[in-house]
Amino acid sequence: MTSYQGKSVLVLGGSRGIGAAIVKRFTAEGAKVTFTYGASQEAAEQLARDTGSTAVRADSADRNAVLNLVREVGPLDILVVNSGIAIFGDALEQDPDTIDRLFQINIQTPYHASVEAAKQMPEGGRIIVIGSVNGDRMPVPGMASYAVSKSALQGLARGLGRDFGPRGITINVVQPGPIDTDANPENGPMKDLMHSFMAIKRHGRPEEVAGMVAWLAGPEAGFVTGAMHTIDGAFGA
Ligand code: NDP
């Protein structure tokens, strides 16, 4: 295991699920972690108490709230952008404002937060954005906005990887397949359909995603940037 002793880490969207596993992983290895939450105050405060991290309410749909926080807690050694939402339903029936809010949370805030963090980030800095295998493959109808948003993160990593590389800062996307969280519980109604697409017929665990994030954030991954890293039981294969 790599140690993140003394590293300053910000996780956007850390109160539950994959984000909470990432907070636990970095705090367990000695990092100084701040994380944001939107609605889940109780879960956020409990996690902060349990891990010695700092919880801050900041809506990822509110660009200025997030950018102010990035500036305040910086300079960051590691930024993880995990907050993301999915909207299901017929594209022809969906409210455009609701879709724009998804794009704000899933695309615009990841972009602007990455740029803001990089301004103060020292050499060796790491930016990791949680995308989805749905950036590569969308095998069901009703999730186009989500697929758009996760594909957009691929361009974000490729482009900003070029911009930040000369300063020794890497930026990568982790693309999970089905992971057992509140957003996609393994015992939910989609279980059999999702597992039918996969070679390893189970949901992944948040801790497995946190492990990939930790590796990308560590010294062994200094030559890895502008890239997508899929962890999906071969959902997208
Ligand atoms: P959850 O819904 O279980 O948790 C989402 C986390 O993001 C919560 O901590 C939530 O905080 C936070 N969040 C959501 N919206 C906002 C907001 N507007 N402002 C601040 N925080 C916010 O999701 P997962 O853990 O499953 O997903 C995490 C990431 O992984 C997402 O980007 C998702 O798209 C991606 N992903 C998940 C997969 C899965 O199968 N679970 C598969 C592929 C990708 P709060 O409750 O406090 O608002």
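Residues numbered from 1 in each chain as written. Predicted model: local features only at pLDDT ≥ 70, side-chain atom pairs only at ≥ 80, totals over all residues. Heavy atoms only, no water.

An unreviewed UniProt entry annotates the protein chain as SDR family oxidoreductase of Neorhizobium turbinariae. According to its UniProt record, the protein chain has this under Sequence similarities (unreviewed entry): "Belongs to the short-chain dehydrogenases/reductases (SDR) family." (UniProt positions renumbered as here; feature names shortened; annotations may be inferred.)

Peer 1: Sorry if this is basic, but what is going on with helix H1 (residues 17-28) here?
Peer 2: A turn of α-helix holds 3.6 residues, and therefore any two residues three or four places apart point the same way. Helix length check: H1, at twelve residues, gives a terminal C-alpha distance of 17 Å against a target of 16 Å (1.5 Å per residue), a fit within 8%. Listed in full, the buried residues belonging to H1 are Ile18, Gly19, Ala20, Ala21, Ile22, Val23, Phe26 and Thr27. The first or second residue beyond H1 is Gly30, which carries a positive phi of 90°. (Helix = DSSP H or I, 4+ residues; strand = E, 2+ residues; numbered from the N terminus. Expected span 1.5 Å × (residues − 1). Buried < 20%, exposed > 50% of the residue type's maximum accessible area, 1.4 Å probe, protein only.)

Peer 1: What should I look at first to understand the site of the ligand in this one?
Peer 2: In the region of the ligand, 32 residues are neighbours, and Ser15, Ser40, Asn82, Tyr146 and Thr181 sit closest. The backbone of Ser60 places a nitrogen or oxygen atom 2.8 Å from a nitrogen atom of the ligand. Elements with a contribution of two residues or more to the shell around the ligand: H1, helix H4 (96-120) and helix H5 (144-164). (Near = heavy atom within 4 Å. Polar contact = N/O pair within 3.5 Å; in protein donor to acceptor, adjacent residues only side chain to side chain.)

Peer 1: Help me understand the nonpolar core in this model?
Peer 2: One recurring pattern in soluble globular proteins is that nonpolar side chains are buried together. Membership of the largest hydrophobic core comes to 31 residues, with the highest contact counts inside it found for Val11, Ile22, Phe26, Val80, Val174 and Val213. Contributions of two or more residues to this core are made by strand S1 (8-12), H1, strand S2 (32-37), helix H2 (41-51), strand S4 (78-81), strand S5 (126-130) and helix H7 (206-217). Ala113, Ala118, Met121 and Val173 belong to the second largest nonpolar core, which has 22 residues in total. (Core = buried A, V, L, I, M, F, W, Y, C linked by side-chain atoms within 4.5 Å.)

Peer 1: Would you mind going over the UniProt feature "domain: Ketoreductase" (unreviewed entry) in the protein chain with me for this structure?
Peer 2: The residues that UniProt annotates with the feature "domain: Ketoreductase" (unreviewed entry) are residues 7-182. Segment residues 7-182 splits into 45% helix and 18% strand. End C-alpha atoms: 29 Å apart.

Peer 1: What is the right way to look at the sheet that holds S2 in this model?
Peer 2: Pairing between the strands of a sheet comes from backbone hydrogen bonds, and it takes one of two forms, parallel or antiparallel. Spatially, S3-S2-S1-S4-S5-S6-S7 is the arrangement adopted by the seven strands of the open sheet, whose pairing is parallel. Where the open sheet ends on each side, the last strands, each with one partner, are strand S3 (54-57) and strand S7 (227-231). Across the sheet, the mean angle from the axis of one strand to that of its neighbour is 20°, orientation sign disregarded. In terms of strand pairing, strand S6 (residues 170-176) meets S7 through five bridges, oriented parallel. Looking at the pairing, Gln175 lines up with Thr230 of S7. Here helix H3 (residues 63-73) sits on the sheet and contacts S1, S2 and S3; the angle it forms with S1, its principal contact strand, is near 170°. (Pairing = 2+ DSSP bridges. Axes fitted to C-alpha atoms, helices over the stretch in contact; angles between N-to-C directions. Contact = heavy atoms within 4.5 Å.)

Peer 1: Please clarify how the packing of aromatic side chains should be interpreted in this entry.
Peer 2: Each aromatic ring pair is summarised here by two numbers: the centre-to-centre distance and the angle between the ring planes. With the rule as written, the count across this model stands at two aromatic pairs. Centroid distance Tyr4 to Phe26: 5.0 Å. Interplanar angle 85°. Geometry classified as edge-to-face. Taken together, the positions of Tyr4 in the segment before S1 and Phe26 in helix H1 put the pair 22 residues apart, joining distant regions of the chain. Per residue, the accessibility class of Tyr4 equals that of Phe26, and both read buried. Ring plane angle 75° and centroid distance 5.4 Å describe the contact between Phe197 and Phe235, whose orientation is recorded as edge-to-face. Of this pair, Phe197 sits in the loop between helix H6 (191-196) and H7 while Phe235 sits in the segment after S7, and the two are 38 residues apart along the sequence. The ring of Phe197 carries the charged tip of Arg137 above its face, separated from the ring centre by 4.9 Å. The positively charged end of Arg137 is found above the aromatic ring belonging to Phe235, 5.8 Å away from the centroid. (Phe/Tyr/Trp six-rings, centres within 6.5 Å; stacked < 30°, edge-to-face > 60°. Lys NZ or Arg CZ within 6 Å of the ring centre and 35° of its normal.)

Peer 1: What is the right way to look at unusual backbone geometry in this model?
Peer 2: Glycine aside, a negative phi is what most residues show, and trans is what most peptide bonds show. With an omega of 0°, the peptide bond running from Gly74 to Pro75 counts as cis. Along the chain, Pro75 falls in the loop between H3 and S4. Its identity is not glycine, yet Ala234 carries a phi of approximately 70°, on the positive side.

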